[in-house]
Amino acid sequence: MNEILKELENRRQQARLGGGQARIDAQHKKGKLTARERIELLLDNESFEELDMYVKHRCVDFGMDQTQISGDGVVTGWGTINGRQVYVYSQDFTVFGGSLSETHAQKICKVMDMAMSNGAPIIGLNDSGGARIQEGVASLAGYADVFQKNVLASGVVPQISVIMGPCAGGAVYSPAMTDFIFMVRDSSYMFVTGPDVVKTVTNEVVTAEELGGAKTHTTKSSVADGAFENDIEALEQIRRLFDFLPLSNRERPPERPFFDDARREDHSLDTLIPNNPNQPYDMKELILKLSDESDFFEVQEDFAANIVTGFIRLEGRTVGVVANQPLVLAGVLDIDSSRKAARFVRFCDAFEIPILTLVDVPGFLPGTSQEYGGVIKHGAKLLFAYGEATVPKVTLITRKAYGGAYDVMASKHLRGDFNYAWPTAEIAVMGAKGAVEILYRQELGDKKKIEKRTKDYEKRFANPFVAAERGFIDEVIAPHSTRKRICRAFASLRGKQLKNPWKKHDNIPL
Amino acid sequence: MFNKILIANRGEIACRIIKTAKKMGIKTVAVYSDTDVDALHVKMADEAVHIGAAPANQSYIVIDKILSAVKKSKADAVHPGYGFLSENKMFAEALERENIVFIGPPSGAIETMGDKITSKKLAKKAGVSTVPGYLGLIEDEEAAVKISNKIGYPVMIKASAGGGGKGMRVAWNDQEAQQGFKSSKNEATNSFGDDRIFIEKYVTKPRHIEIQILADKHGKTIYLNERECSIQRRNQKVIEEAPSPFLDDKTREEMGKQSCALAKAVSYTSAGTVEFIVDENRNFYFLEMNTRLQVEHPVTELITGIDIVENMIRIAWGEKLSISQKDVHINGWAIESRIYAEDPFRNFLPSIGRITRYRPPDERFDQALIVRNDTGVFEGSEISIHYDPMIAKLCSWAKSRTEALRVMSDSLDEFELDGIGHNIPFLSSVMRNKKFIKGDITTAFIEEEFPDGFKSVKLDSSLLKSIAAACSAMYRLFEIRRTRITGRMDNHTRVVENDWVVSLGGHNFDINLKADKTGSMVKFLDKSTVRVESNWVPGDSIAKVKIEDKILIMKVNKVTGGFRVRLLGSDLDVLIRNKRQFELSSHMLRKIEPDMTKFLVCPMPGMLIKVDVSEGEEVQEGQTLCVVEAMKMENVLRADKKGVIKKINVEAGQSLAVDEVIIEFE
């Protein structure tokens, strides 16, 4: 018996060593942790239950039958984060460069199946050189199998990808279909084709970092939702994000004890809106001041900063926030911000996370680049996302809500449950100046007349009451009472039930 | 008594005057510019009158506008506060003509004392000792250099009408004399509309000590002892105290008597201040007389128990002073810290914007302890580019200086201020400075003790250890709360670790925590143990933590994996990791900060006045590159080192944001 136990321990030891000490040291030298070390930090202490530790590849070509390493380059299993279940796979760069073989893919598919049937999120830690070239189409098939699982899992359990090393070619499409992608600065990159191929095909000279580093994907391409300094910080932040997310579409978002007062008033909000309507202010101040303990997990912070998206808690419960940011491009809606917010809204709706929308929007950005870029369809994504969302929706207009953008931003007309406005709100088709220029074109020569017309228009429409008279605004609230009012609004919506008509699926304008 | 007074000022001083007026049952009128619509002084006053655009020269210092506000509100008297029109004789005269009482000295006294040259001559005549200098008017830069040489460097170049550090420059050589003269003249023109400049010997190692006087209209003049105002930066007072730790009774009495003599010589009435330079042998020289209420008057009020503003109002009404010299005592010790919107980490450059958080310590008026905070702002107000960047005057009082310093230090640690850069960390660091604690200070204190500007204070390792203990206990609370989340797997929940490694200030502390109902026992690797108790909960931004018998007051900001902590002038990133995280962190690479030395970035929001160099030019270390105006101050930006200008990104007249690149070097 003793011998048998020893054999087990031996096999485990060997599997845990992955590609061997030399490769582990090389991994460390690059400032990267190994696949198992990463899991240790991601999960609660000693909570990891590994699966398929002894899986080996079946390739016999190119001398591959001579090298067999237990686990085949990916560590899979489940564990807990703060006591809540999660499935994990972590690619092991020390084993065949973390390359994806048929069996490697099978291991990933197995935990994904378990995640779906047991209703727990799946987190993928990506660090892979790409396809196992020696396996040819078997490897490609493996990718496709994973892709298919990603598609099926989408909307069933939250899927989070953390890119902690290379992720190139076909490998990028699995993370691309998950809910969130996070990257580690300076040690991770993602691209469909690498710098060498780019050079051959297009003659562009570009480094891997420029082509697909964390900065590129968080600021330019919006592929990634955030970037962190190093492995340790990244894993700590994923634990933080995890605390906001429900386990699956069958569960409610989590609740956590909170030490903030749901009735807390903040009188500094009474002066948040500057007296000059053209002066910007920081919408994040409002987000921080109304959320529990000022805790805000921002998503896509560095992309399309004219709209802010992220998670807060109200009375310990997760709420998704979408807010126009007057500090950037006056908070205008454009192609990028519409796409960013639409995706976020759909995530929240898929997982029953209530949505708070803070509105200060001067309209859609005009111009040829926007029209040629298809702002019509991209803007429609956000409109569609809000319109189909059945989760509790509370909207607060702080200042401008002009034109079509007013409709889009979770207006009453898109089934907003509570539509509040501050007294500083201006809800109109457009700003007074623009409106007067259209309405009184023949008087444009007369400066005095136009000035008076502008004043009249402002008086009539630069307030929330015209909309409130029609019931489009449920109540005009004092800024200092915002937290209290919004907490109570969401509290009243805890039992909300709303169903869209049956359909196979909708046809959002992609 | 007056029925209604108008306060021709803004900010904390307007609020402070309104307080006393209210106490006396007098109605108050505030005036405000466009940007001050929502200001605190407007809210506090019974009425408010709008007087124009934001720039002071279109509102607060326009005599006609104040006059019409007085008429409109039917006020009987005007209190000018300090700055603005407080020492403008034309204003005082204009009020006299309209039969409105000016709560301040007669215009004649303002005129005489307002002119630094005339005032010196008069002081000399009245038997007050004075500093050597040139008392005539100076025509141009050349003359300035000549005169400076005659007096001998270093010299002080001053705007004749100046005050508050504006239009003042110290020059140590011809080049600086030239430049200083130019800058002073410009600032004088812009700020006071009077470009007369004079030059005097700059007394090195001096202390700045001033005497507060009160004089009624019936011939009685008394002095309320001294204030020590040596802690200055760029000739702007930062910390004041009363009494001075330096004066003896004899010197105090002599200074007081001379001050009263001077006041009498100009038939002074109301409150006034006579400023002296005192050298290390307690020789004192007359500097100037301020014919107004001083910013730092609260310290005098705290040690004498006399409300100076109330006395000013009573004197203006014509009452006799109810106190005599023999009634004036020194009771305990008072310190004032001026909290400015100036970023000490950016060489104290002005910072403007919205105050997103403003939570001063609670005011206390106990038998043994006073905390007083005079302010003109509130959470959510705006620090504008147009006015003085002072946010508050925090004062502490106690029986002894040591105790007053301690109260101040604690109060600074409790003072929450966010949204703008401010000097609280710097003030805290002064409270811990050995020389300051001893009272061994001169007006060069800041230059000497902070030669390379202010940097976050380095705390000693025993203090760091205490902070580590406190933070680990706090962090544990966070982690325990996380495990109380819904959706857990029953019976497989997380057990929060008791062993942590806390990293801060270059130290790593191995910590073992044992928590009970009232606190935690924190054991260190060296087996030493401390008890930590606190009622802090996650989300609180101030943590008062009892560590053994000592109390730490920290501002805490939760960040992922730890806290950002501010206390005692020190900013600390406290990282808290479990054993495994700590072990693995050794593999993380240290990242190199991007090199910013090749850029001249704008240190504050402001306007580029001029650029003194051109592209391709080689510049020497210390050479003037450009001038940025912010808060009415001209800030000369110089080259840190020798280099060649590669590119100039902005033009004169353009407004600049913080960190905007002005010049790129090769």
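Residues numbered from 1 in each chain as written. Chains lettered and ligands numbered in written order. Predicted model: local features only at pLDDT ≥ 70, side-chain atom pairs only at ≥ 80, totals over all residues. Heavy atoms only, no water.

(A) Structural view of the interface of chain A and chain B. With 43 residues of chain A in contact, the opposing surface of chain B contributes 36 residues. In this assembly, chain A packs against chain B so that about 3500 Å² is buried in total across both faces, 55% of it on carbon and sulfur atoms. By the criterion of area lost to chain B, the three top residues of chain A are A:Asn82, A:Glu236 and A:Phe259, representing 17% of everything that side buries. Taken together, chain A and chain B are joined by 7 salt bridges. Our enumeration of links across chain A and chain B arrives at 20 residue pairs in polar contact (both at pLDDT 80 or more). Sorting the residues of the side of chain A that touches chain B by element identifies α2 (21–29), α3 (35–42), β2 (74–81), β3 (84–91), α10 (231–242) and α11 (283–290) of chain A as the ones contributing at least two each. It is α10(A) that provides the largest number of residues to the side of chain A that touches chain B, a total of 6 residues. The class makeup of the residues in the side of chain A that touches chain B is 11 nonpolar, 12 polar and 20 charged. (Contact = heavy atoms within 4.5 Å. Buried area = accessible area lost by both parts, 1.4 Å probe. Salt bridge = Lys/Arg side-chain N within 4 Å of Asp/Glu carboxyl O. Polar contact = N/O pair within 3.5 Å; in protein donor to acceptor, adjacent residues only side chain to side chain. Helix = DSSP H or I, 4+ residues; strand = E, 2+ residues; numbered from the N terminus. Nonpolar A, V, L, I, M, F, W, Y, C, P; charged D, E, K, R; others polar.)

(B) Fine view of the sheet that holds strand β30 (residues 550–559) of chain B. Residue and element names in this part refer to chain B. One closed barrel holds the 8 strands; their spatial order is β25-β26-β27-β28-β29-β30-β31-β32, and the pairing between them is antiparallel. If you compare each strand with its neighbour and ignore which way they point, the axes differ by 35° on average. Relative to strand β32 (residues 570–578), strand β25 (residues 499–504) is paired through 4 bridges, and the arrangement is antiparallel. Note that in β32 the partner of Ser503 across the bridge is Leu575. Strand contacts of helix α12 (residues 401–414): β29 (542–547), β30 and β31 (562–567), with the helix running at about 20° to β30, the strand carrying the most contacts. Contacts between helix α16 (residues 461–482) and the sheet are confined to β25, β26 (507–515), β27 (520–524), β28 (529–533), β29, β30, β31 and β32, with β26 contributing the most and set at about 50° to the helix. (Pairing = 2+ DSSP bridges. Axes fitted to C-alpha atoms, helices over the stretch in contact; angles between N-to-C directions.)

(C) Representation of the pairing of strand β4 (residues 122–126) of chain A in the model. Residues and elements named next belong to chain A. In terms of burial, β4 is a largely internal element, 5 of the 5 residues being buried. By the alternation rule, side chains of β4 split into Ile122, Gly124 and Asn126 and Ile123 and Leu125, which are all buried. Relative to β4, β3 is paired through 4 bridges, and the arrangement is parallel. Among the inter-strand pairings, Ser90 is bridged to a residue of β4, identified as Leu125. The handedness of the β3 to β4 crossover, carried by helix α4 (residues 102–118), is right-handed. Bridge count for β4 against strand β5 (residues 159–163) is 5 bridges, and the pairing is parallel. Following the sheet pairing, Asn126 is matched in β5 by Ile163. Crossover connection from β4 via helix α5 (residues 137–153) to parallel β5: handedness right-handed. (Buried < 20%, exposed > 50% of the residue type's maximum accessible area, 1.4 Å probe, protein only. Right-handed = clockwise from strand over helix to strand, strands pointing away.)

(D) How the structure looks around the pattern of salt bridges. All chains considered together, the criterion is met by 92 salt bridges over all chains. When the shortest N-O distance is used, the salt bridge between A:Lys110 and A:Asp52 registers 2.7 Å. Of this pair, A:Lys110 sits in helix α4 while A:Asp52 sits in the loop between β1 (49–51) and β2, and the two are 58 residues apart along the sequence. Between B:Arg338 and B:Glu336 there is a salt bridge, with its nearest N and O atoms 3.8 Å apart. For B:Arg338, a relative accessible area of 6% corresponds to the buried category. Each member of the salt-bridge network shares a partner with another, and the members are B:Arg16, B:Lys23, B:Glu301, B:Asp307, B:Glu310, B:Arg314, B:Glu319, B:Arg372 and B:Asp374.

(E) A look at the packing of aromatic side chains. Under the counting rule described, the total for this entry stands at 35 aromatic pairs over all chains. Taking the centre distance of 6.3 Å and the plane angle of 55° together, the rings of A:Phe244 and A:Phe297 count as tilted. Note that A:Phe244 is positioned in the loop between α10 and α11 and A:Phe297 in strand β10 (residues 297–299), a separation of 53 residues in sequence. Across the pair, exposure class does not vary: A:Phe244 and A:Phe297 are buried alike. An aromatic cluster is present here, built from A:Phe180, A:Phe182, A:Phe228, A:Phe244, A:Phe297, A:Phe311, A:Phe344, A:Phe347 and A:Phe351 joined pairwise through their rings. Across the ring face of A:Tyr420, the terminal group of A:Arg485 is positioned such that the distance to the ring centre comes to 5.6 Å. We note B:Arg401 situated over the ring of B:Phe436; from NZ or CZ to the ring centre the distance is 5.0 Å. (Phe/Tyr/Trp six-rings, centres within 6.5 Å; stacked < 30°, edge-to-face > 60°. Lys NZ or Arg CZ within 6 Å of the ring centre and 35° of its normal.)

(F) Local environment of the side chain of A:Thr80. Note on placement: A:Thr80 falls in strand β2. For A:Thr80, a relative accessible area of 3% corresponds to the buried category. Setting aside its immediate chain neighbours within four residues, A:Thr80 contacts A:Leu43, A:Asp44, A:Ser47, A:Gln85, A:Val86, B:Met489 and B:His492.

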